[in-house]
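# Examination of the molecular architecture
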Amino acid sequence: MRAKRVLLHVGTPKTGTSYLQDVLFRNRRLLADRGILYPADRFDAHFLAALDLMRLPWGGLEDEAVGAWDRLAEEVRRWPGTAIVSHEILAHASRTEIERALASLGDAEVHLIVSARDLVRQIPAEWQENVKHRRTIGYARFLTAIRDPQRRSRTASWFWAVQELPDILDRWGATIPPERIHVVTVPKPGSAPTLLWERFARTFGLEGIPLDLNVDRANPSLGAPETTLLRRINRTVNGFVKPADYRPLVRELLAHQTLSKRTNSPRLGVPPEVRTWATAVAIGWVEELAARGYDVAGDLEDLLPDESGAPFFDPDHPRERLVNNAALDVIRALLLENVRLRDAEADLAGRLEEAERALGRAYLRPSYKLREKAVSKLEHGRLGQGMLGAYRRARGRSSRSA
Amino acid sequence: MTAQARAWGWVAHLTSGGTTPWADWTDDGSASRAGVLPGAQHLELLRRLNLAGPTPTPLVRRVLASGAPGRGQQELGLVGVAEPGRYGAPPVDPADLPDDELVRLASGVLADLVVSAPEPAPPRNRRPRLFRHEYRLGGNRLTADALRAQLIRDGRPPGGTRPTVVMLLGDLGAHLADTWAARVRRAFAPPWDDWIHELAERPQLPPRLDPVARARAWADQVGVERVHLALAPAAAAEALGVRGLTGPTRLSHAALDAAGHTKGVLRVLVNDVEREQRLRGVLLPWLEAGDTPTLPAPVVPRRHRGWLEHEARRIRAGLADAGYAVHGGELDQLLPAEPVRTTGPTYGEVLTVMLRTLRVATMEGQA
């Protein structure tokens, strides 16, 4: 009999997690045949479970998260083999929430998995995620907030909760032996594109399974001017665009489908003094993780930032020409979307008109007038109402049998 | 004595009703035990609860076991106990914690209590009377909801083909505050400042909130002579020919904010139908009992006073021109009075209401 195991992947954000989760979701039937459960009836099931576990508001999506963790945990407990739970925001969980989560998984052997990327790449990525979640904080303010030793602001407390590797592993791994704790490192820029997946596959025991890896859900990055533009858009529309509209229109259409395609613009980075500070922090983390004796898929050296010769493009003071070019792409995308909606509207109007004409023809039939008069008369008497009820019940039955 | 032992001594002191701040705590270390210390936020919340008398044991357990919902700092270590300079947020003196962090934790505890409370009983309404006045209530939504509920309980549901329409009106600032409060009581509502700012940005109130537009819409349906303006609940009773109607219980702005924070957590705990039931049947009665009477209702911020006065004058003129019957005073009562205070509640005031409400919930045997 196979050992009952849970592979619990709790972060960190921006480490290829969206791709991994989409592969797992799309291949969940094949995985189940191989004894591996990915318990999800929708692609964001584990995200909702994480919201539920941590009682996190998320622009109204939390309404869909009621009871999601308990349902997921129940499926895991019932499964006799290996189960995978994966969401990067789980890194934010507090000790109390982690205790609840681990207790809910039953008696399975829990393996903790954390995927990690070097801090110098994570800092701008986290700011960009903030902007993609309709925040308007400037980059300089963001950098100041995360360097505040007290971490009092919401920005700082979130950033460190989901990025500080030794702390995440302390919180989640307090009761898990080090040999069951796995760190997957994101390869350095320029590595083979499949290398990260190979590390995930090894850690999750997916090697040799013919998975369909051609998935399209990812969380693509934006360039510096594109992020600036998005922040300006947030400032302009936040007052009247509801979260339920923001997600498809701004985050998906503008950010993911339009602005992320502009790959030739300058990438986000960090200013030199932040690079120096972040590198020192990363060196401390790597030494700490090496001493703890975790299983590492990849190389802890991947977490040390490279010396960068690329100039720093300040998104708070961008070259306006680049932002304007990005804005033109946004206008184009919005126009195309409008054209699509106008076509859809015209199509619906045509169908409605057709339906109204059909209805009009039905009203014009002489028998309709007679039937209408009969029903009207019958409805005014108790006997008539009874007859009508009997007729409607009989009609219902014959409709069903037909 | 180790720092850990001192901390466990403080935990024992707090769980038995103590109120000594961490900085002043000295101890012989006899309460020392193994395990992970509760977070500084949890301990400080407990200490604040104890300031009003020892906290009942079930509530103590809930506070210590509850995770703080939403975004913010996780369980913080106690200064002098947790090793500074390692990982995670630095340890703190609990007395220095900002009130908003304690509000966040308190909202989680309160939401848990609301969910675990017995299901609220549905209202017991008398069967509709055979001969009753046809009526509809409009205007101030908070007052209209309260009066309608009393009338339904008395067997007088609203409706009818040619109803008497009673528009409940008053000081426009208070009228808007009540409209927002009614939204908070029902379901989602943006923060007061955002909501009122969004209204004040418009040239005039939107039709759904504009008494002139609402009265005109009713007059078009039932005739001007059937539309009555009531400037007090008793005046509404007079217009409807009934007795004994009383106005709504108003919550302070701090209590309404406390409701908003708690509702945010309830969104993740129960579905929308149950949320509304528990909001009306459990949380709001608790907040009414836990509210501080001296705290003010929402007031229109000073920067929007000019807009408010302009709107009040426009509405007074529009209603006067239409010639509706007025009960309970003069239309001048629509003009806003000068408020005592024009700023919203502090987190400290919201926390005060929440601490009192947690006690109310516990006293009712729900903890």
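Residues numbered from 1 in each chain as written. Chains lettered and ligands numbered in written order. Predicted model: local features only at pLDDT ≥ 70, side-chain atom pairs only at ≥ 80, totals over all residues.

## Section: the overall build of chain B
From N to C terminus, chain B includes 13 helices and four strands. With the C-alpha coordinates aligned to their principal axes, the bounding extent of chain B is approximately 85 × 45 × 30 Å. Every one of the 367 residues in chain B was classed for burial, and the buried ones make up 44%. The contacts in chain B between residues at least 6 apart in sequence include a share of 83% that link residues at least 24 apart. (Helix = DSSP H or I, 4+ residues; strand = E, 2+ residues; numbered from the N terminus. Buried ≥ 20, exposed ≤ 12 C-beta atoms within 10 Å, placed from the backbone. Contact = placed C-beta atoms within 7 Å.)

## Overview of the sheet that holds strand β5 (residues 181–185) of chain A
Residue and element names in this part refer to chain A. Taken in spatial order, the six strands line up as β2-β3-β1-β4-β5-β6 in an open sheet, and their pairing is parallel. Of all strands in the sheet, those bounded by a partner on one side alone are β2 (36–37) and β6 (295–297). Helix α1 (residues 17–26) rests against β3 (82–86) and β4 (109–116) of the sheet, and its axis sits at about 140 degrees to β3. (Pairing = 2+ DSSP bridges. Axes fitted to C-alpha atoms, helices over the stretch in contact; angles between N-to-C directions.)

## Thoughts on the nonpolar core
One broad rule of soluble globular proteins: the nonpolar side chains tend to lie buried together. Counting 185 residues, the largest nonpolar core has Ala106, Val166, Ala236 and Met354 of chain B as its most contacted members. With residues up to four places along the chain from it excluded, the contact list for Ala236 of chain B reads Leu147, Val166, Leu168, Ala230 and Leu245 of chain B. (Core = buried A, V, L, I, M, F, W, Y, C linked by C-beta atoms within 7 Å.)

## Some remarks on the sheet that holds strand β4 (residues 325–327) of chain B
All names here are of chain B. Spatially, four strands are ordered β1-β2-β3-β4 in an open sheet, and the strand pairing comes out parallel. Both outer strands of the open sheet, β1 (135–139) and β4, are each paired with one neighbouring strand and no more. For this sheet, the mean inter-axis angle between neighbouring strands, taken without regard to orientation, is 25 degrees. Relative to β4, strand β3 (residues 227–230) runs parallel, the two being bridged by three bridges. Residue His228 lies in a different strand from β4, and its bridge partner there is Ala325. Its contacts with the sheet put helix α8 (residues 211–222) on β1, β2 (164–168) and β3, and the angle it makes with β2 is roughly 175 degrees. Sheet strands touched by helix α9 (residues 233–240): β1, β2, β3 and β4. Its angle to β2, the strand with the most contacts, is close to 175 degrees.

## Overview of the domain arrangement of chain B
A common way to report how large an interface is uses the accessible area buried once the components associate. Domains assigned within chain B are domain 1 (3–97) and domain 2 (135–252 + 297–353). On a C-alpha basis, the centres of domain 1 of chain B and domain 2 of chain B stand 46 Å from each other. (Domains from an automatic or database assignment.)

## Section: unusual backbone geometry
Residue and element names in this part refer to chain A. The linkage connecting Gly11 with the following residue, Thr12, adopts the cis geometry, with an omega of 5 degrees. As for its placement among the helices and strands, Thr12 is situated in the loop between β1 (5–9) and α1. For Lys14, which is not a glycine, the phi torsion comes out positive at approximately 60 degrees. Mapped onto the secondary structure, Lys14 falls in the loop between β1 and α1. The residue Arg55 is not glycine, and still its phi comes out positive at about 50 degrees. Relative to the elements of secondary structure, Arg55 occurs in the loop between α3 (45–54) and α4 (68–78).

## Some remarks on the pairing of β1 of chain B
All names here are of chain B. Residue alternation in β1 divides its side chains into a buried set, Tyr135, Leu137 and Gly139, and an unburied set, Arg136 and Gly138. Note that β1 and β2 share five bridges and pair parallel. Bridge pairing links Arg136 to Val165 in β2. In this fold, the crossover linking β1 to β2 by way of helix α5 (residues 141–153) has left-handed handedness. (Right-handed = clockwise from strand over helix to strand, strands pointing away.)

## Concerning helix α7 (residues 192–200) of chain B
Every α-helical turn comprises 3.6 residues, leaving residues that sit three or four positions apart pointing alike. Residue and element names in this part refer to chain B. Among all positions of α7, only Trp192, Ile196 and Leu199 are buried. End-on view of α7: buried residues confined to an arc of 55 degrees, all on one side of the axis. In this fold, the buried residues of α7 make contact with α6 (172–186) and α10 (253–269). (Arc of directions from axis to C-beta.)

## Some thoughts on the interface of chain B and chain A
In this complex, chain B contributes 25 residues to the contact, which on the side of chain A involves 26 residues. Element by element, the count of residues in the side of chain B that touches chain A is highest for α10 of chain B, at five residues. For the side of chain B that touches chain A, the class distribution of residues is eleven nonpolar, nine polar and five charged. (Nonpolar A, V, L, I, M, F, W, Y, C, P; charged D, E, K, R; others polar.)

## Digging into the confidence of the model for chain A
Of all residues in chain A, 97% have pLDDT values of 70 or greater, and the mean over the chain is 92. Across residues 398–402 of chain A, where pLDDT falls below 50, the model places zero contacts with residues more than four positions away in sequence or in other chains. (pLDDT = per-residue confidence, 0-100.)

## Considerations on helix α11 (residues 272–290) of chain B
All names here are of chain B. Of all the bends in α11, the greatest measures close to 45 degrees and is centred on Leu279. Looking at α11, one finds that the buried residues are Arg275, Arg278, Leu279, Val282, Leu283, Trp286, Leu287 and Gly290. Buried residues belonging to α11 abut α4 (99–116), α10 and α13 (347–363). (Bend = angle between axes of the 7 residues up to and from the residue.)

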